[in-house]
Each structure stands twice: as C-alpha cells, then as structure tokens.
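# A closer look at the structure
Each chain, written out:
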Amino acid sequence: VLAFAVLAAIGAAGAALLSAYTTDRDYARLIAQGDQAAAGNQPFQALEAYSGAIAVRPESMLAHLKRGRLYRELGELDAAARELRRAIELDPT
C-alpha cells in the first residue's frame, strides 16, 4: 500500500510538472506570436495572441502591458487604460 501511495505521489508530481511546462511553453509562444504580429503591423493578430497569453496565464503583467500599449497605439484609450491599470495591479514596480 505504501509503495502504491509513493508511486501515485510521483505520478501526480510528474503530471503537475508537465502541465506547468506546457503552460509556460504556450505562454511564451503566444507572447512571441504577439510580438511578431505587432512588429509586422498586424495589430489584431497581436491582440489575439496577447489575449491568448492572458488566458493561459491571467496573472501575467507582461501580456497586459503589451496589450495595453497596442490598444493605445490603435487609439483605443479606454481599453488601453484598463489593460495598463491591470498591469500595474499585477506588478506595481
């Protein structure tokens, strides 16, 4: 019974690590896609990618900051202010 509990704990830890790795990889991929789209003058694709990054990692200050800057460039000042305030809430520094 003890061996089964140890194996179950190891399996659960492995699954948690894999999930965290997958989330980190997806987040990094979406941020990179957003950056590439923004640099390529494709703001709506960039917004979609940054929104995806926020869906994967809602506590990401960086994704909110990037989305806020892009909204500001598009003249969407209310949306920009909302995103930039959220970025500040997540990381006041």
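Residues numbered from 1 in each chain as written. Predicted model: local features only at pLDDT ≥ 70, side-chain atom pairs only at ≥ 80, totals over all residues. Heavy atoms only, no water.

In this model, helix 3 (residues 61–73) (13 residues) spans 18 Å end to end at C-alpha, consistent with the 18 Å of a helix rising 1.5 Å per residue. Regarding helix 3, the residues found buried are Ala63, His64, Arg67, Gly68, Leu70 and Tyr71. Down the axis of helix 3, the sector holding all buried residues measures 165°, keeping them to one side. Downstream of helix 3 by a residue or two, Gly75 has a phi angle that is positive, lying close to 85°. (Helix = DSSP H or I, 4+ residues; strand = E, 2+ residues; numbered from the N terminus. Expected span 1.5 Å × (residues − 1). Buried < 20%, exposed > 50% of the residue type's maximum accessible area, 1.4 Å probe, protein only. Arc of directions from axis to C-beta.)

Once that is clear, we can look at the environment of Gln33. Topologically, Gln33 is positioned in helix 1 (residues 2–39). Each C-alpha atom, one on Gln33 and one on Glu48, is 9.3 Å from the other, the two residues being 15 residues apart in sequence.

Bringing the pattern of salt bridges into the picture now. Think of it this way: side chains of opposite charge can pair up when their charged atoms draw near. As enumerated under the stated definition, the model contains seven salt bridges in all. Asp24 serves as the salt-bridge partner of Arg57, at 2.5 Å between the closest nitrogen and oxygen. Of this pair, Arg57 sits in the loop between helix 2 (43–56) and helix 3 while Asp24 sits in helix 1; the two residues are 33 residues apart in sequence, bridging distant segments of the chain. With relative accessibility at 22%, the residue Arg57 sits in the partly exposed group. Asp24 sits in the partly exposed class, given a relative accessible area of 40%. (Salt bridge = Lys/Arg side-chain N within 4 Å of Asp/Glu carboxyl O.)

Function cannot be inferred from these measures alone, as they are strictly geometric.
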